[in-house]
Amino acid sequence: MGLLLLSRPGCHLCEQMAMELLTAYPQLAGQVAEADVDSREDWQRRYGLKIPVLLDTGDGGVVCATVFDSAAVADWVRDRNL
């Protein structure tokens, strides 16, 4: 159970989301992986223009996309008792 941040090298919005996420929720540092959205065709097709995207690795659901949504992450954290 964790989070996957789909991003693209050099994407300032992706870097900003990662920074905001780990600043607001430092306890998630070991639970957030990052992957290049272009590394898989299905990701590129689905999220290519909507990055950054923060996915729940358990169910693949979108936690938030394009901008950091603190309330959505708070709900995710609460639902998992983290």
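Everything that follows concerns the structure shown earlier in this document.
Fair warning: this is a prediction, and the values are worked out from it, not measured in the lab. (Residues numbered from 1 in each chain as written. Predicted model: local features only at pLDDT ≥ 70, side-chain atom pairs only at ≥ 80, totals over all residues. Heavy atoms only, no water.)

**Overview of the overall build of the protein**
Turning to step 1, where the next piece is worked out: Across its full length, the protein carries three helices and four strands.
Turning to step 2, where the next piece is worked out: Secondary structure elements in the protein, listed N-terminal to C-terminal, are β-α-β-α-β-β-α.
Turning to step 3, where the next piece is worked out: Expected size for 82 residues packed as a compact globule is a radius of gyration near 12 Å; at 12 Å, the protein falls within 12% of this value.
Turning to step 4, where the next piece is worked out: Out of the 82 residues belonging to the protein, those deemed buried represent 37%.
Turning to step 5, where the next piece is worked out: Counting only contacts in the protein whose residues sit at least 6 apart along the sequence, the fraction spanning at least 24 positions is 64%.
Turning to step 6, where the next piece is worked out: When the accessible area of the protein is evaluated, it comes to approximately 4,800 Å², of which 53% is carbon and sulfur surface.
Turning to step 7, where the next piece is worked out: Seen as two clouds, the 7 positive and the 12 negative side-chain charges of the protein have centres 6 Å apart. (Helix = DSSP H or I, 4+ residues; strand = E, 2+ residues; numbered from the N terminus. Rg over C-alpha atoms; globule rule 2.2 N^0.38 Å. Buried < 20%, exposed > 50% of the residue type's maximum accessible area, 1.4 Å probe, protein only. Contact = heavy atoms within 4.5 Å. Areas by Shrake-Rupley, 256 points an atom, 1.4 Å probe, with all protein chains shown as cover. Lys, Arg positive; Asp, Glu negative; His and termini not counted. Charge placed at Lys NZ, Arg CZ, Asp CG, Glu CD.)

**Here's the deal with the environment of histidine 12**
Turning to step 1, where the next piece is worked out: Here histidine 12 lies in helix H1 (residues 12-24).
Turning to step 2, where the next piece is worked out: Residue classification places histidine 12 among the exposed positions, given a relative accessible area of 57%.

**Overview of helix H3 (residues 70-79)**
Turning to step 1, where the next piece is worked out: For H3, the full list of buried residues reads Ala72, Val73, Trp76 and Val77. Along the axis of H3, the buried positions cluster into a sector of 135°, meaning they face one direction only. The outward face of H3, more than 90 degrees from its buried face, is lined by the exposed residues Arg78 and Asp79.
Turning to step 2, where the next piece is worked out: Lining the buried residues of H3 we find strand S1 (3-7), H1, strand S3 (53-56) and strand S4 (62-65).
Turning to step 3, where the next piece is worked out: Where H3 begins, the capping side chain belongs to aspartate 69, and its oxygen is found 3.2 Å from the backbone nitrogen of alanine 71.
Turning to step 4, where the next piece is worked out: Just beyond H3, the residue with positive phi is asparagine 81, at close to 55°. (Arc of directions from axis to C-beta. Polar contact = N/O pair within 3.5 Å; in protein donor to acceptor, adjacent residues only side chain to side chain.)

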